[in-house]
Amino acid sequence: MAIDNNIVFLNGEFGPMSEAKISPMDRGFLFGDGIYEVVPSYNGQLVGFGLHIERMQNGLNAIGIKLDMDLDDWRDIAIKLLEKNSIANLGLYFHVSRGADVKRFHAYPEDIQPTVFAYTFEIPAAPKADKQSVKQYRVTSTEDLRWKRCQIKSTSLLGNVMHFQQGHDAGVQETILYNQRNELTEASACNVFIVKNGTVITPPLDNQLLPGITRHMLLDILRKEGSLQVEERVISMSEVRSADELWLTSSSKEIAPVVELDGKPVGTGQVGDIWQLAQTFYSAHKHNY
Ligand code: PDD
């Protein structure tokens, strides 16, 4: 099918795929902040339509996207797309993203319209229960690493966004994360450091955290400056909870002192002396990078 003949649905309108446009500020593009479905249709007959729409609605509910559309609205779009793209066997693709804001901020914006997109693509005829003609598949296997590749600065940020929103809903600025062994990893959009007895400590680089540029520069600056002890090692959450100081680092925050964790004061509950020293060194040397 030539792309121009493919009629798609976008935000209430049907039109050629080549004319369908969305904002680059759409959170589906910036954060992977959306839900999708694929429904098969053979000779005009949809398979499992209600189940697909129910799963999509469950996903939308789970990530707090409010969309004023019911099963009949979706069916209406589906039927019109099938009419406009008259090919025997089609997949119907439905996509709802949270919509476009004017700024990039992880927390869910209150007052934006979701983006609703649907289009069709050709799929093979359904298999027949026939050993001779059925297509045979060969596969490989590997450990399931999905959601465990946090060292890649991917735009698939829905997991981060949901954790950021958890903190936002609780009235705080960040959410600190730990793994199944109760070891600190990072925060939803920052790296994390603790200070204990004057030593500055941060988790080592691996697949559980982003290799932050601020983290890298801070470690380098502190090591070259030489007056503070610095360690990259595994940190348990009990160490985090008993730390003298706790910091977040990111390009937009530099070194941010945390004074409260889960409602309890960090150290004395005041901004720490080591933070002041570290931010002083960072401010003095950051332009060397
Ligand atoms: N976030 N960890 C995560 C998950 C991040 O998203 C970021 C940056 C960092 C810190 O990396 P750097 O020091 O290179 O900024 C760590 C940016 C600021 C963001 O998503 O807005």
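Residues numbered from 1 in each chain as written. Predicted model: local features only at pLDDT ≥ 70, side-chain atom pairs only at ≥ 80, totals over all residues. Heavy atoms only, no water.

If you trace the five strands from one edge of the open sheet to the other, you get β11-β10-β9-β12-β13, paired in mixed fashion. Every interior strand has two partners, whereas the edge strands, β11 (229–232) and β13 (254–258), have only one. Averaged over all adjacent pairs, the angle separating strand axes in this sheet is 25°, with direction ignored. Note that strand β9 (residues 191–196) and strand β10 (residues 199–202) share three bridges and pair antiparallel. (Pairing = 2+ DSSP bridges. Helix = DSSP H or I, 4+ residues; strand = E, 2+ residues; numbered from the N terminus. Axes fitted to C-alpha atoms, helices over the stretch in contact; angles between N-to-C directions.)

Let us now look at the site of the ligand. Every one of the 18 residues lining the ligand counts as a neighbour, but Arg-104, Glu-186, Ile-213, Thr-214 and Ser-251 are closest to it. Here a nitrogen atom of the ligand sits 2.5 Å away from a polar atom, N or O, in the side chain of Glu-186. One nitrogen or oxygen atom from the side chain of Ser-251 is found 2.7 Å from an oxygen atom belonging to the ligand. In isolation the ligand offers 470 Å² of accessible surface; the protein chains occlude 87% of this area. When contributions to the shell around the ligand are tallied by element, the ones reaching two or more residues are β8 (184–187), α5 (213–225) and β12 (245–250). The residue makeup of the shell around the ligand, split by class, is five nonpolar, ten polar and three charged. (Near = heavy atom within 4 Å. Polar contact = N/O pair within 3.5 Å; in protein donor to acceptor, adjacent residues only side chain to side chain. Areas by Shrake-Rupley, 256 points an atom, 1.4 Å probe, with all protein chains shown as cover. Nonpolar A, V, L, I, M, F, W, Y, C, P; charged D, E, K, R; others polar.)

So, on to the domain arrangement of the protein. Partitioning the protein into structural domains gives domain 1 (3–122) and domain 2 (137–288). Of note, the centres of domain 1 and domain 2, computed from C-alpha atoms alone, are 36 Å apart. Listed as interface residues are 14 residues of domain 1 and, on the opposing side, twelve residues of domain 2. Of the roughly 1,000 Å² buried at the junction of domain 1 and domain 2 (both faces included), carbon and sulfur atoms supply 71%. For the domain 1 face of the interface with domain 2, the top three residues by lost area are Phe-31, His-106 and Tyr-108, together amounting to 51%. (Domains from an automatic or database assignment. Contact = heavy atoms within 4.5 Å. Buried area = accessible area lost by both parts, 1.4 Å probe.)

Attention shifts here to the packing of aromatic side chains. To describe a pair of aromatic rings, you give the distance between the ring centres and the angle between the ring planes. Inspection of every chain in the model, using the stated rule, returns ten aromatic pairs. When the ring of Trp-74 is compared with that of Phe-94, the centres are 5.0 Å apart and the planes differ by 50°; the resulting orientation is tilted. Of the two residues, Trp-74 is situated in helix α3 (residues 71–84) and Phe-94 in strand β5 (residues 89–97); the sequence distance between them amounts to 20 residues. Each member of the pair Trp-74 and Phe-94 is classed as buried. Taken together, the aromatic side chains of Tyr-36, Tyr-93, Phe-117, Tyr-119 and Phe-121 make up a single cluster linked through ring pairs. In this arrangement the basic side chain of Lys-84 is found over the ring face of Phe-14, its NZ or CZ atom lying 5.1 Å from the centre. (Phe/Tyr/Trp six-rings, centres within 6.5 Å; stacked < 30°, edge-to-face > 60°. Buried < 20%, exposed > 50% of the residue type's maximum accessible area, 1.4 Å probe, protein only. Lys NZ or Arg CZ within 6 Å of the ring centre and 35° of its normal.)

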